[in-house]
Amino acid sequence: MAREEQSHMVLDQIARQIMECHRCPLYKEATHAVPGEGSMVARVMFIGEAPGEQEDTLGRPFVGRAGKVLDSLLTGSGLGRNDVFIGNIIKHRPPGNRDPKPDEIIACTPWLEQQVNAIRPPLLVPLGRHAARYVLGRMGVEFLKITDISGTVFEGEPFGFPQKVIPVLHPAATLHNPLSRGHLEEDFRHLGELIRTMGP
Ligand code: URA
């Protein structure tokens, strides 16, 4: 079976399990789980924090205001949604979009782990401090502020095989702080260049 077909089957199965997940109480107030979506053979996987209101309504990642920003950043990097996979560390919406709690992150991230292992992207891009803390934590890297490390290329094996990790600011940051837009645009331009030089 071709790798794409196999990865498709595995990801479908993971998504079905996520839709029935009761590992933490977040499912109780959520409308839909948001497993994530995109290419089954993506070379880059974006990892956000958690679904917001629009995502909860539609069951799809980054379809609200932050999603519009992400779409335009992707365009600026020369990538489209179909080239990448977009997921989150948390699959059900935290009420009122509050920060995810540590025990929710512990309960939910085995799903992400399975998704990363099915797709095996050479590049991971955590969006914002929560996703960055989770992924870099798996590499033993700690940081205080996401602005101290955004755009830095880390190399390691956070999921048991070699990957590059480039944490960036969360796209929603641009909605409150227009200065962060420039930083994100530059980081996404570099990202596009890096992917093009990484080869097939
Ligand atoms: N913000 C996130 O972190 N994830 C989404 O899916 C939407 C907004």
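Rules and cut-offs
Residues numbered from 1 in each chain as written. Predicted model: local features only at pLDDT ≥ 70, side-chain atom pairs only at ≥ 80, totals over all residues. Heavy atoms only, no water. Buried < 20%, exposed > 50% of the residue type's maximum accessible area, 1.4 Å probe, protein only. Helix = DSSP H or I, 4+ residues; strand = E, 2+ residues; numbered from the N terminus. Pairing = 2+ DSSP bridges. Phe/Tyr/Trp six-rings, centres within 6.5 Å; stacked < 30°, edge-to-face > 60°. Contact = heavy atoms within 4.5 Å. Core = buried A, V, L, I, M, F, W, Y, C linked by side-chain atoms within 4.5 Å. Axes fitted to C-alpha atoms, helices over the stretch in contact; angles between N-to-C directions. Parallel < 35°, antiparallel > 145°, perpendicular 65-115°, else oblique. Nonpolar A, V, L, I, M, F, W, Y, C, P; charged D, E, K, R; others polar.

Participant: I'd love a proper account of the pairing of strand E4 (residues 123-126), names of residues and values included.
Facilitator: Side-chain direction in a regular strand flips from residue to residue, so the side chains alternate between the two faces of the sheet. In E4, alternate side chains face the same way, and those of Leu123 and Val125 on one face and Leu124 and Pro126 on the other are all buried. For strand E2 (residues 44-48) and E4, the ladder comprises four bridges, and the chain directions are parallel. Residue pairing for E4: valine 44 is matched across the bridge by leucine 123. Pairing of E4 with strand E6 (residues 163-165) involves two bridges; the strand directions are parallel. For leucine 124, the partnering residue across the bridge sits in E6 and is valine 165.

Participant: Just give me the short version of the packing of aromatic side chains, but keep the residues and values in it.
Facilitator: As enumerated under the stated definition, the model contains two aromatic pairs in all. Residues phenylalanine 46 and phenylalanine 188 carry aromatic rings whose centres are separated by 5.6 Å and whose planes lie at 5° to one another, so their mutual orientation is stacked. In this pair, phenylalanine 46 is assigned in strand E2 and phenylalanine 188 in helix H8 (residues 179-197), connecting sequence segments 142 residues apart. Of the two residues examined, phenylalanine 46 and phenylalanine 188, each falls in the buried class.

Participant: Please provide a residue-by-residue account of the environment of leucine 127, values included.
Facilitator: With respect to the helices, strands and loops of the structure, leucine 127 is situated in the loop between E4 and helix H5 (129-137). Assessed through its relative accessible area of 1%, leucine 127 is described here as buried. Between the C-alpha atom of leucine 127 and that of arginine 60, which follows or precedes it by 67 residues, the distance is 16 Å. What leucine 127 contacts, discounting residues up to four positions off in sequence, is Phe46, Ile47, Gly48, Glu49, Phe62, Leu70, Val168, Leu169, His170, Pro171 and Phe188.

Participant: Could you give me a rundown of the sheet that holds E2, with the residues and numbers involved?
Facilitator: With mixed pairing, six strands are arranged side by side in an open sheet as E1-E3-E2-E4-E6-E5. Every other strand in the sheet has two partners, leaving strand E1 (37-38) and strand E5 (154-156) as the edge strands with one partner each.

Participant: Residue-level account of the nonpolar core, with values.
Facilitator: As a rule of thumb, nonpolar side chains are buried together in soluble globular proteins. Judged by nonpolar contacts, the single largest core of 57 residues is most densely connected at Phe46 and Phe188. Residue contributions to this core peak at eight residues, all from helix H4 (residues 102-119).

Participant: With reference to specific residues and values, describe the packing of helix H1 (residues 3-19) against H4.
Facilitator: For the pair H1 and H4, the least separation of the axes is 9 Å and the interaxial angle reads 170°. Judged by the inter-axis angle, H1 sits roughly antiparallel to H4. Touching Arg3, Ser7, Val10, Leu11, Ile14, Gln17 and Ile18 of H1 are Trp111, Gln114, Gln115, Ala118 and Ile119, all from H4. Along the lines of polarity and charge, the residues of the contact of H1 with H4 split into seven nonpolar, four polar and one charged.

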